[in-house]
Every structure is written in C-alpha cells, then in structure tokens.
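Letter by letter, the chains look like this.
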Amino acid sequence: MRSIIIQMTRKGLQLLLLRKEAGRTEMKPALSQVPLQEVTHTGTGVFVKMSNGPNEPGKRDYAGRKLKTLPKSIYDENKNITKIDLQRNRLKQVCGISQLTNLTELILSRNELVDFPEDIRDLHQLKTLYINQNNIKCIPLDVFPRLKHLQSLKLSTNRLAELPADMIQCQSLVYLNVSNNCLRDLQALVGLQKLKELYVEQNRLTDLPEELFDNLKMFKATGNPLRKPPEEVCVGSLKDIRSYFTMLRESSSTIKSVKTMFLGSSMAGKSTLCRSFDKCHPVEVDEDDRTVGIEIKEVEKGGVRFLCWDFAGQEEYYITHHVFITPQAFVILAINLSRYDLTDKSFKEHVSFWISNIQLRVPDSVVLPVGTHIDLCPNEEDISRKKRDIDSKLRDMLTERGETLQQLKNKLQDSDDPSLYSDQMNDLRRLTDYNLKVLDLLLVDCTKPRDIQMFQDHIVREATNKENLPSIERTLPGIYQEVEREIQDLLQNNEIPLHGRVTLSDLLDIHISRRGMNPENLKCILRYLHRIGVIVWYEDIPSLKDDVFVKPSVLISLFKAIIRHDLVKQIKDIPTQELRRRRILNTYRETWVADYEEKATLHNEAISILVQKELKKLDLDDEEIVEEIVGKGSRPGSLMCLLQHFEVCLPAKMANELNPEAPEFHPGAKKWDHPNPKVYDPDSACMFPSYLKNNNNVVKTWGEDKLSDLNVQMYFMPEIPCGFFHSSLGGKGPVLFRIHPFTDPRQDQNCQ
C-alpha cells in the first residue's frame, strides 16, 4: 500500500512516499514520483495541487483554466480524443466540438453557457455528458435522438423550463440529473426503459406520471410543490411511491388543505384575526387573553381546510417558532398600524424582522401582510400613507435581497477558483429560486363584520390561487383520510393516552392488526398529516422518531409551561406545599428565579413542577407522564429532547462557577482534561441561550473581550437568524465573531 505524506520542515515543504509491504514500512522522498503542479504558501497554511501525472490516453484535462474558447490544440488531434474535461471555465459556446467524433465523455460543468451547444448532436459515440451549473434555458429538438449511446446525463442547476419531447429516443440513458431547474412536468421521460437513477429536486413539479417509476432504482424529488404524489410520499422510498399509486387506484380524492400561520409582534391582532376568521364575525381579544405559546384551530372555508396556528408575538416565543413552522405554508403577518410609524426602525420591528425569518425558515411560503387596528389610526390619510410606505419598503427589501444574492454569486464566480465554493453557489441558486411571495398589504378593521367577511374571502381567494400555493391541492388515496379519522376515534375511545403521545410501534400495531396495513404506507400517511399540522412527528430526530404527538395542542401546552413571557411569575407562584412534597426548601424558589434572570438557566426540578402544573389543567397529572415528558436524572424526556434538538435549550450544570484557572485548550495537543468532570453531568438544569440579557458573568470572571480569544468567522446568505449569537455562545468564554460579507450584525437583536 502506498500513501503520500506532506511534511512541513524548516527548509520548506517535503513530500514523502510511505510504502507498507510484508510488514515493513518504508518512507522516502516522493518528489520524483509525484509531479507537483502548484505549491502555494499563505498566511494560514500550505496548499498543494498535484496533477495525476500524464493524461491517460485519449483524455484531455482543461478544467479550471478560465478558458473563453476551446483550445486550438484539440482540433489537431481530434481523432485521438475520447474524453475531455472543460469544467470550471468561462465558456459561452463550444463551436467546433463536433469535430471530436470519437468523444465518449464531455464535461462542460460550471461554465457560462446560455444556449445548449447544438454541435453536441454530432457526437454519436458520446456516453457521458455533464453540462450542469450553467444558465441553459432550452434544449433544441433533434439532439438526444442522435445520441444513441448516451448513458449518463447531468443537466442540473440550469434554467430549463421543459425537456425536449424527443428525449424518449435516448434509450440508452441510465442516469439523469435535472435538479435545480424550472421544470413543471416529466412526461418526456416516460418510456425510458433503461433509466435507473433520476434526480429532479428543486423544480416546479406538481404531478408525476405513474409510469415513470416502473424501472427506477433511485429517485429524489425534494423541493417541489408536489400534489400527486405529495412530497411526503416522495421523501420515502420508491416502494412508497409505487404503493401510493396502488392505493390511489383503489380509491382517491382531491383534498385542499394548508397550514396557515398567524405571525406578528405582540398585540398586533393575530389572535383577533384568527378567531374572527374562525367565527365569521369580529371577536375581541383582551390583553389578558393573548396567546401564550401557540394556539391551533381547524377552519373550513370555501372548500379549503385551514390548519390555523396562532403564534404568540412576545420575543420570548420567537425561539420556538422554527420547531413548528413547516414548508409551503400560508403566513398571515399581522401589523399594528396604530403603532407603526414611517421610520426604518418601525418597519424593521413590525415587518422586515418577520419577513427575514420567514425567508430563512420557509422560503417557499406565501405571506399576506394584514394591517390591523386601523380603527385606532387618526384618519384615512394616515392609513393610506402607512400602507404605501409598507408596500414600497417591502418591494425594496425583496429587490435588495435579490441583488445581494446576485452580488454574492458574482463574488464567488469571480474568485480565483470558483470550484472551492460550489456548495455555496448551489445554496445561493436555491435561495434565488425560492422566491418568497409577499402579497400586497390588506387593511382590516377587526371591529367591522364587513371587513371580517372581506378578510375571509381574500384568504380563500389567495390560498386557492395555484400560482401562490400550487401544493394546496393534493390527490390522496382514500385511506389517508380513513387513517386520520381512526386516530381521532382512538383518542375519543381512550385507546390512545389523553396526552396524545403514542409510540410509532404502537400506532403501527393498531393499524396493522385492524387493516393489515404496510408499515411504510402508514409512515407516508403520518408524514402528510405532520406537514399539514394535524399531528407532530419528528421522524428525523433519532431520540424522537418513535414518538407521535397526535394531539399537537397538548404538546403546545407543555411548551407553554416553560416557554412564556411571564416565567418568573410562574416560578414565584409555585406553592410552598408542592415544594414540601418534593422535599425542596423554600429558598430554592428564589435561587431558581435568580439563576433564570442572571444566567438564563432553569433548574430541572422547576421544569418538572411547571410541566406537572400544566398537565393538571389537562387532567393528566401523573408522575410517569411527567417523567416521560421531562425525563429523570441524565435521561431527557420527549419534551426536553425536542427543545434540545432545536437548540431552544441546552443541558447545563449549576454546581460550578466559571473557572478562569482551567487549563488552556490547544488544538492538536494532548487531550484536554477538565479539572472537574462533573461539570458535564447534565441532570441539574437547562440553559436557554436566547434569554441571556447580558454577559456580565463572563466579563466579571474573564474580563473584557480580547482579540486573542476564540475567533469565529461565519458567512451568512444573506440574513442572520434571530437569536443566532446567543445560541452559538451558550455561556462560553469571550468570542470574537467576524461577519462576512453582505450582512449586518444589527439584524440580530440579541447580538452583544
């Protein structure tokens, strides 16, 4: 076995060849064996670029040379060239490529092609064609019928709106990647008998033909507004997709449903809008009755099933929003016009903060801004002026974001080696393609029945507009609705615990015994019910993948126990009798309050008491349930697993203060040993980083920040997530953040 070792010496760089044979290890200089193409010394390290030695017969490698035209040398030896790599150049056309008549492999990835090179049709021996990451919008007819031997085709990350109808004649095709385009249907691919791998992610596909899946062995279609089959089915296996079409033949129905999220600042009128939408008349909501956490309602209007999630607007709840926000949602953004003025600060607080976070979390959603409290505005002119200001600034904000993304793309493309940033380029392309749709501001006087009726009609009209929400309509097998009804029946008949948490295995056993249902089919149905907000199932979280919350309202209630704006009051109100029952001194209550206010840390005993108090309201006061939800000792329960997975809180230890005498950590040195390993025992408390109000404890122990402390460089594209810096710090020592580029740390209100 041979290996190359790069060794840094005082005299410079030395390459060593390590050979292991028959138990012996031999090492000798390798410069004569391994040709060096380039060695670059920088302030942070050494970069070595090694060639693969002489080109293999018939292969020519011109990758990454910033070529704008094809090298003339290829025409002189056109008959001998079988493979040519032209990726990472600046080619806008490849005139004369047809002269390479023996070409079997052509790589044109990451160039500047806008038109598909028609000369390719004359490369009759071609087996592999990679032309991804260009800007091609259209492929002419009579290209693929001539490529009889083509087996692998990569067209991803272009601007294709459709595939040529004669692609069916490319019968040797085995692998096809058309991800990150603008495709709306795949009918042109039906009938490709040898096609085994198909990637169509991040397009605009809605309906997929059943015949497409006859021979496939690999299929990826995430990031499409699919309705037949729904994306919840497609994220599974090909077996799931085939089972979906089998069930569809037995019975089917077209369902219109959408998860509708009411967002906005505190006292913006979200609950008033949500409840009035439900009741069909104005519903007044007192300040004392404002939303704590999230409230869930199901409303049927205009043939559409709206799963309404009313999110509390206080800052304390922002950190939990991303736990429940799902893609392709309809967002109602409530804006209190009586508190809004024409300043940039007011626009940021009431509008842009929310739009930016929606763009980060669910960029494929639709946002309807709604101006509320207009009855408290001075006059009609004031209302009109504020509406014009918000609409104008929203347009400018979205335009500026698009320009910022484009600037960042240009910066990466103009770098010395754009290939180093291919992942960032792909992310930028996706961010650009996900064009968050923000509708014009709607004015609603929530005290007038006529305005509430207008609000209802407007929501239904915008929701059923397929240009806004193409996936609102799904074609589903009849069994999907039957399973949903059966789950509700199980709850009503007490066959599922009242708290609504049931294990996936128990749910499978119930439906398998009753229907003989395939477990994978049931999982597809559960994914769909999670997406629309009927249940909550975090399949991708290992510690929670076997927990299904069939009553999301109960899970929300548990969140309310510890994520709330009046948490200090809740801790102070813990009865002395409850403390005695748990053998806890009264003084601990003051300690809990102090630790929460100063360190954003909540003791596990306090969490257990607060959760049990919430469960009592639901007639679910049971020690075993509390233990399942909160956990015991070092084992976190389902609620704490969820909060820790989404980094709402982190396990912490309260017994130890910050220790400035701890040994220094040196990367690459021997293993670092903590002077007191018990500090990592996570059974005493949880820290909520976003609740940190200052870093006084850190400054008191370590002093002011210094450039010699931990230095972290980060790149955002282009927004900074709310609460990011607190979540990143989590009580660590001084950290210097360097933000690059096109970002403003002031976007994060918690950045200190």
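This text goes with the structure placed above it.
Residues numbered from 1 in each chain as written. Predicted model: local features only at pLDDT ≥ 70, side-chain atom pairs only at ≥ 80, totals over all residues. Heavy atoms only, no water.

Side note on the overall build of the protein
Our working rule: Each helix corresponds to a stretch of at least 4 residues labelled H or I by DSSP, and each strand to a stretch of at least 2 residues labelled E; elements are numbered beginning at the N terminus. For every residue, the accessible area obtained with a 1.4 Å probe (protein chains only) is divided by the maximum for its type, and the residue is called buried under 20%, exposed over 50%, and partly exposed between those limits. Note on contacts: a residue pair is in contact if any heavy atoms of the two residues lie within 4.5 Å.
Looking only at helices and strands, one finds 21 helices and 30 strands in the protein. Counting every position in the protein, which comprises 752 residues, the buried fraction comes to 50%. When contacts within the protein are restricted to residue pairs at least 6 apart in sequence, those whose partners lie at least 24 apart make up 56%.

Some words on the nonpolar core
Our working definition: Within this scheme, the nonpolar core is defined by two criteria: the residues are buried Ala, Val, Leu, Ile, Met, Phe, Trp, Tyr or Cys, and they are joined through side-chain atoms within 4.5 Å.
Ranked by internal contacts, the top residues of the largest apolar core, which has 168 residues, are Leu-106, Ile-120, Phe-219, Phe-324, Tyr-480, Ile-562 and Leu-639. Apart from residues lying up to four places away in sequence, Phe-219 is in contact with Leu-198, Val-200, Leu-208, Phe-213, Cys-234, Leu-238 and Ile-241. In terms of nonpolar packing, the next biggest core, distinct from the first, is built from 27 residues, Ala-334, Leu-439, Leu-469 and Ile-472 among them.

Comments concerning the environment of Gln-406
You can see Gln-406 is positioned in helix H7 (residues 380–413). C-alpha separation for the pair Gln-406 and Leu-428, spaced 22 residues apart in sequence, amounts to 8.3 Å.

Describing the sheet that holds strand E11 (residues 175–177)
For clarity, the cut-off: Strands pair, by our definition, only if DSSP identifies at least two bridges between them. Where helices are involved, their axes are fitted lines through C-alpha atoms of the stretch in contact, as for all axes, and angles between N-to-C directions lie from 0 to 180°.
With respect to topology, eight strands assemble into an open sheet ordered E6-E7-E8-E9-E10-E11-E12-E13, the strand pairing being parallel. Strand pairing shows two members of the sheet lacking a second neighbour, strand E6 (59–61) and strand E13 (218–220), which therefore form its edges. Within the sheet, the average angular offset between the axes of one strand and its neighbour, ignoring direction, is 5°. Examined bridge by bridge, E11 and strand E12 (residues 197–199) share three bridges and lie parallel to one another. Across the sheet, the residue bridging to Tyr-175 is Glu-197, located in E12.

Thoughts on the packing of aromatic side chains
Convention followed: When two rings of Phe, Tyr or Trp (its six-membered ring) have centres within 6.5 Å they constitute a pair, described as stacked for plane angles under 30 degrees, edge-to-face for angles over 60, and tilted for the intermediate range.
A full pass over the atoms with the stated rule returns nine aromatic pairs. Their ring planes at 55° and their centres at 6.3 Å tell us that Phe-116 and Phe-144 sit as a pair that is tilted. Separated by 28 residues along the polypeptide, Phe-116 in the loop between strand E8 (105–107) and strand E9 (128–130) and Phe-144 in the loop between E9 and strand E10 (152–154) bring together distant segments of the chain. Taken together, a centroid distance of 6.1 Å and an interplanar angle of 35° make the contact between Phe-213 and Phe-245 tilted. In this pair, Phe-213 sits in the loop between E12 and E13 while Phe-245 sits in helix H3 (residues 238–250), placing the two residues 32 residues apart along the sequence. Residue Phe-213 is classed as buried on the basis of its relative accessible area of 2%. Judged by relative accessible area, which is 4%, Phe-245 ranks as buried.

Examining the sheet that holds strand E28 (residues 685–687)
As summarised here, the arrangement of the three strands in space is E24-E28-E27, forming an open sheet in which the pairing is antiparallel. For this open sheet the edge positions go to strand E24 (601–603) and strand E27 (650–652), each flanked by a neighbour on one side alone. Going from strand to strand, the sheet's axes swing by 35° on average, the running direction of each strand aside. The strands touched by helix H16 (residues 587–599) are E24 and E28; relative to E24, the strand with the most contacts, the crossing angle is about 155°. Here helix H17 (residues 604–617) sits on the sheet in contact with E24 and E28, set at roughly 70° to E24.

The values are spatial; any link to function lies outside them.
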